Amino acid sequence: MIKMTINDAVYELPQVLTVEQWSQLIKWDFLDESNWPRLINIVTNAPIELLKEAPREPLELGIVFIASIMNKREKVAVKDFDTLRLGEWIDLDVYLTMGVDKTIKDILKVLEVEVENAHQAQWIIDELVKWRSHVYKSYSALFGIDEYSKAEEEYQPTANEGMKSAKSWYKVLVDLSNDDPLKVGPVTELGYREAFNFMALRKEKALEEKERQLKQKRQY
């Protein structure tokens, strides 16, 4: 257990962060020293005004420790991502696009997993992001993704790959339900891969038909 002593008051730094603490910490720039009192306050509940008057050295040590525990990961049991339904895929994709700092609790809810700490939650997020990137890469032709940026040895869809907003996905659902609002619900219950395969085949047929029409136009 790590303890900080400031003006004769002792504060404990936790070995493990809660998801709520992580969500608050991730919003702040750790390199900005003016944020250090706030960051330490989040994990210790030490008065911010007291922390602002504290010497730099103990604050720096506290920040280094907090940063180190934020980087810890702990493997935990989670559902097979390949069993996700289309509606769940859409929710997760939108949440990830919005930012994990804002939506981590929503993501865990969709995955129907309860975690005890941020180490476990972050492991799940890391695995989800890698899996999602792999799926996008597998369906690059469907989503019009031609380029990938490499981050931490995992391919990530570029910012221009499209179909990342809730509005875009809703258009997909309406299209798959043939503009019938009563069919939108059942469409979201399809397996995500089943839906993507259907979309990919339909897009392929549309491109073939377009090519046929162009060829016919050239002939005449």
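Above this text sits the structure in question.
A brief structural summary. These figures come from a predicted structure and were not determined experimentally.

## Overview of the overall build of the protein
Within the protein, the secondary structure is distributed over eleven helices and four strands. The C-alpha radius of gyration of the protein comes to 24 Å, more than 25% above the 17 Å expected for a compact globule of 220 residues. Each principal axis of the C-alpha atoms in the protein carries an extent, and together these give about 90 × 35 × 30 Å. Within the protein, buried positions represent 40% of all 220 residues.

## Thoughts on the packing of aromatic side chains
What the rule picks out here adds up to twelve aromatic pairs. With a centroid separation of 5.1 Å and an interplanar angle of 70°, the aromatic rings of Tyr136 and Phe143 are classed as edge-to-face. As far as burial versus exposure is concerned, Tyr136 and Phe143 are alike and both buried. Among the aromatic side chains, those forming a connected cluster through ring pairs are Phe81, Trp89, Trp131, Tyr136, Tyr139, Phe143, Trp169, Tyr192 and Phe196.

## Here's the deal with the packing of helix α5 (residues 86–98) against helix α6 (residues 100–110)
Interhelical geometry of α5 versus α6 gives an angle of 160° and a closest axis separation of 8 Å. One element, α5, and the other, α6, form an angle in the roughly antiparallel class. Seen from above, α5 lies across α6 with left-handed handedness. Facing Glu88, Asp91, Leu92, Tyr95, Leu96 and Met98 of α5, the residues of α6 in contact are Val100, Lys102, Thr103, Asp106, Ile107 and Val110. A breakdown of the residues in the contact of α5 with α6 according to their chemical character gives seven nonpolar, one polar and four charged.

## Some words on the packing of α6 against helix α7 (residues 118–138)
The geometry of α6 relative to α7 is characterised by a closest axis approach of 11 Å and an angle of 95° between their N-to-C directions. Taken together, the axes of α6 and α7 are roughly perpendicular relative to one another. Here Val100, Ile104, Ile107 and Leu108 of α6 lie close against α7, whose contacting residues are Ala121, Gln122, Ile124, Ile125 and Leu128. Grouping the constituent residues of the contact of α6 with α7 by class yields eight nonpolar, one polar and no charged.

Cut-offs and rules
- Residues numbered from 1 in each chain as written.
- Predicted model: local features only at pLDDT ≥ 70, side-chain atom pairs only at ≥ 80, totals over all residues.
- Heavy atoms only, no water.
- Helix = DSSP H or I, 4+ residues; strand = E, 2+ residues; numbered from the N terminus.
- Rg over C-alpha atoms; globule rule 2.2 N^0.38 Å.
- Buried < 20%, exposed > 50% of the residue type's maximum accessible area, 1.4 Å probe, protein only.
- Phe/Tyr/Trp six-rings, centres within 6.5 Å; stacked < 30°, edge-to-face > 60°.
- Axes fitted to C-alpha atoms, helices over the stretch in contact; angles between N-to-C directions.
- Parallel < 35°, antiparallel > 145°, perpendicular 65-115°, else oblique.
- Left-handed = near helix turned anticlockwise from the far one by under 90°.
- Contact = heavy atoms within 4.5 Å.
- Nonpolar A, V, L, I, M, F, W, Y, C, P; charged D, E, K, R; others polar.

As far as function goes, none of this settles anything; it's purely spatial.
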